[in-house]
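Okay, here's what each chain looks like letter by letter:
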There are 2 protein chains.
Amino acid sequence: MPKNAFYAQSGGVTAVINASACGVIETARRHPERIGKLYAGRDGIIGALTEDLIDTSLESAADIARLRHTPGGAFGSCRYKLKSLEEQRVQYERLIAVFQAHDIGYFFYNGGNDSMDTAWKVSQLATRLDFPLVCVGIPKTVDNDLAGTDNCPGFGSVAKYVATSMREAGFDVASMARTSTKIFVLEVMGRHAGWITAACGLASETEGEAPHLLLFPEIPFDLEAFLQRVDHCVRRYGYCAIAASEGLRDADGKLIAETGTRDAFGHAQLGGVGQWVAQRIQDRLGYKYHWALADYLQRAARHIASRADVEQAYAVGCAAVEAALAGKNAVMPAIRRLSDAPYAWEIALTELRQVANVEKKMPREFISPDGFGIADACRRYLSPLVEGEDAPPFLRGLPDYVRLKNIGVAKKLADFVP
Amino acid sequence: MPKNAFYAQSGGVTAVINASACGVIETARRHPERIGKLYAGRDGIIGALTEDLIDTSLESAADIARLRHTPGGAFGSCRYKLKSLEEQRVQYERLIAVFQAHDIGYFFYNGGNDSMDTAWKVSQLATRLDFPLVCVGIPKTVDNDLAGTDNCPGFGSVAKYVATSMREAGFDVASMARTSTKIFVLEVMGRHAGWITAACGLASETEGEAPHLLLFPEIPFDLEAFLQRVDHCVRRYGYCAIAASEGLRDADGKLIAETGTRDAFGHAQLGGVGQWVAQRIQDRLGYKYHWALADYLQRAARHIASRADVEQAYAVGCAAVEAALAGKNAVMPAIRRLSDAPYAWEIALTELRQVANVEKKMPREFISPDGFGIADACRRYLSPLVEGEDAPPFLRGLPDYVRLKNIGVAKKLADFVP
């Protein structure tokens, strides 16, 4: 008898997490003898806890195919971290109860570090309770800080977006620098790891091209050294373009974002590292600046997704189902790089317990010795990840994204408040 | 005997001003019997004043063709407004002197309101001095506020970028709203006219889709009415996405950007309307927000340019040269709309004096009665302008833009400080 499956999206969404969902659903549909219905959690794991399940079998094949080019999380995601089995045993047991009530034998969890930890714990508890459940994690994070995989689906498209945006803004500022703006700062995501900041560096291929300076969360911010470099760039190239991580920290490890501005009510304003840095330049060097805050635009930019990223996101979704059907429990399909140029990769299974809660930092040798740029090794690593285009279809001049019907499944259990 | 030509880019650059340059140069090259060399001003009109001319004949046909897909201003632009002939007679006479020294008989000026005014004044002075010069303006501005033309090259691509970005961010926020971010604010350009803000509205095609609210510079900001609408959206749709013009003003006409935050040194922080608005929502309604500042990214985003915009930018460049060759002086090729759907347009010549210094505002009837959205008439006007894609070539995963050699012409006159 086929068992049903459960799939949930977790944490911050990306331009390609739906490509993974597409891979999961399309692969599951090819195995009706083994997998019955595929239920998605509405708003992530919260949907499992509250028994708010979406019946994906009611979506057409055409709409599921369109997921591959639709950003965001089609079923909703959530920031909800399950802690240890001891602290939140009730929650974990509730998950198993919901799975049991809906005859769910496969659990697919699409997320980052925390989610891989949760998936691993669920697999442990199911084993302990002798509940037959195959748990497979599916990697996703724009931060690229997930262990056990060469890179993480979601990152390549952000990388392509920020590098493209930086290159384009660089052409703009270079045009205007003689009489107007000389400084441009782009603030990007990555609170703990500088992968996205590093990706901005791909925009510059020969000396003098934007960006000229990168501000990594891994490198304590030295204002004086920085200002000296900015001034040097302006004198030499006429302008200076900078990528700044939202997670930039001072020498004491304090977030620059928290040292910055206060609003009219005296509240500290988080974010705005880019503006803070730009304002210091104007105050000290007198150069006019512009700054941009990419925020959600960077992680939702499906219109400029990396083809490699889309293919990998889809592939890990397919591989997760195949792994589950092969009886592999507590694993995560990971990306293994076979060669840089031409870029070649394959999917390999990693044990969830080796991934859970391990943060993959940027190696120091990926950052140039002065701390303001990327090293060649980093460029070799990053470049293949932004390769290829995969434009979505356009309708009336705008990307044509799908909204699923997301029809709920009748509840069988009593209410539960997570 | 052929005369040489002078071309300059003026003011804030766009994703397609180089497409106009491409049209000018390619058309001029097809008429060697009438047009000798085409010189470009380095950094705009400043290059003419300082006799800093670029010899475009030294660029290959292939590189000139690549201008069509390269953002920014290939020869540099500047913010330098020539005032009245009376106030700055020396400057105007210097222009004529430089044109005379380099045997220039054609003056092409690619810019917005101010530039059309300058081009008109130069044509007046040339006539008065009996200097044979044909002056043709070429429209360019992301703000779409140039008179005498249905729309302005540069705007359509910004419109496509902001509408796409808003749609994508909307999918992101909708996914996260259950447990995390409920508010998203995108701050866009357009200090005096709400055309770019209006374009964000294209992203929403059915009720409930992002953006839910638009904040126009033309509509005095009413915080209480706004908060009420935000709360309504969150209760009804789960989230609220907002596009805010950088030029948003309060009931007294004061820029919101100037009422906002102060930095650690007590300096008023310009910009950040988006954050200011978002922070008011958090303070009063308690909803978590994200905000993005598109800044230069929006006007440099050649990767998502509107094909209609690229074609029009190229066409006005070609038409400018053709008009000059036909002896039309003090004119500007404008875009005349023939039909909305299917979109059809043609180039028509407008008198420069009818364009100079006239600002085209958004008609009030383009804004919905409540002031927070666009009316159907506005949608009919805007929609064709974002039609079609025209992706640049990509190399190593990033848009492949051209950098010209920009070789200078030997000076013949004494130095001049503008």
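The rules behind these values
Residues numbered from 1 in each chain as written. Chains lettered and ligands numbered in written order. Predicted model: local features only at pLDDT ≥ 70, side-chain atom pairs only at ≥ 80, totals over all residues. Helix = DSSP H or I, 4+ residues; strand = E, 2+ residues; numbered from the N terminus. Rg over C-alpha atoms; globule rule 2.2 N^0.38 Å. Buried ≥ 20, exposed ≤ 12 C-beta atoms within 10 Å, placed from the backbone. Least-squares fit on C-alpha atoms with pLDDT ≥ 70 in both. Contact = placed C-beta atoms within 7 Å. Domains from an automatic or database assignment. Nonpolar A, V, L, I, M, F, W, Y, C, P; charged D, E, K, R; others polar. Pairing = 2+ DSSP bridges.

1. Description of the overall build of chain A
Consideration 1: A tally of regular secondary structure across chain A gives 13 helices and 13 strands.
Consideration 2: Radius of gyration (C-alpha) of chain A: 23 Å, near the 22 Å computed for a compact globule of 418 residues.
Consideration 3: If you line up chain A on its principal axes, its C-alpha atoms span 75 × 45 × 40 Å.
Consideration 4: Sorting the 418 residues of chain A into buried and exposed places 61% on the buried side.

2. A look at the relation of the copies chain A and chain B
Consideration 1: Placing chain A over chain B gives an RMSD of 0.0 Å and needs a rotation angle of 180 degrees, together with 0.0 Å of translation along the axis. Taken together, the rotation angle and the small translation identify this as a two-fold axis. Residues of chain A ranked by C-alpha distance from the rotation axis are headed by Leu293 of chain A, positioned 2.4 Å from it.
Consideration 2: Comparing contact sets, 100% of the residues at the interface of chain A also lie at the interface in chain B, consistent with an isologous, same-surface contact.

3. Some details on unusual backbone geometry
If a residue is not glycine, its phi is most likely negative; likewise, a peptide bond is most likely trans.
All names here are of chain B.
Consideration 1: Here the residue pair Ala210 and Pro211 is connected by a cis peptide bond, since its omega of 0 degrees sits within 30 degrees of zero.
Consideration 2: Here the bond from Ala341 into Pro342 is cis, since omega is 0 degrees, no more than 30 degrees from zero.
Consideration 3: Along the chain, Pro342 turns up in the loop between strand E10 (331-339) and strand E11 (344-351).
Consideration 4: Positive phi, normally seen in glycine, also occurs at Asn406, with a value near 50 degrees.
Consideration 5: With respect to the element layout, Asn406 can be found in the segment after strand E13 (398-399).

4. Examining the domain arrangement of chain A
Residues and elements named next belong to chain A.
Consideration 1: Each assigned domain of chain A is listed here: domain 1 (3-154 + 302-358 + 388-399) and domain 2 (155-300).
Consideration 2: Listed by partner, the interface residues are 20 residues for domain 1 and 16 residues for domain 2.
Consideration 3: A breakdown of the residues in the side of domain 1 that touches domain 2 according to their chemical character gives eight nonpolar, eight polar and four charged.

5. Section: the pairing of strand E9 (residues 289-293) of chain A
Residue and element names in this part refer to chain A.
Consideration 1: Most of E9 is tucked away: five of the five residues are buried.
Consideration 2: Of the two faces of E9, the one holding Tyr289, Trp291 and Leu293 and the one holding His290 and Ala292 are both buried throughout.
Consideration 3: Summarising the sheet, strand E6 (residues 183-188) and E9 pair through five bridges and their orientation is parallel. In the sheet register, Glu187 faces E9, and the bridge partner there is Leu293.

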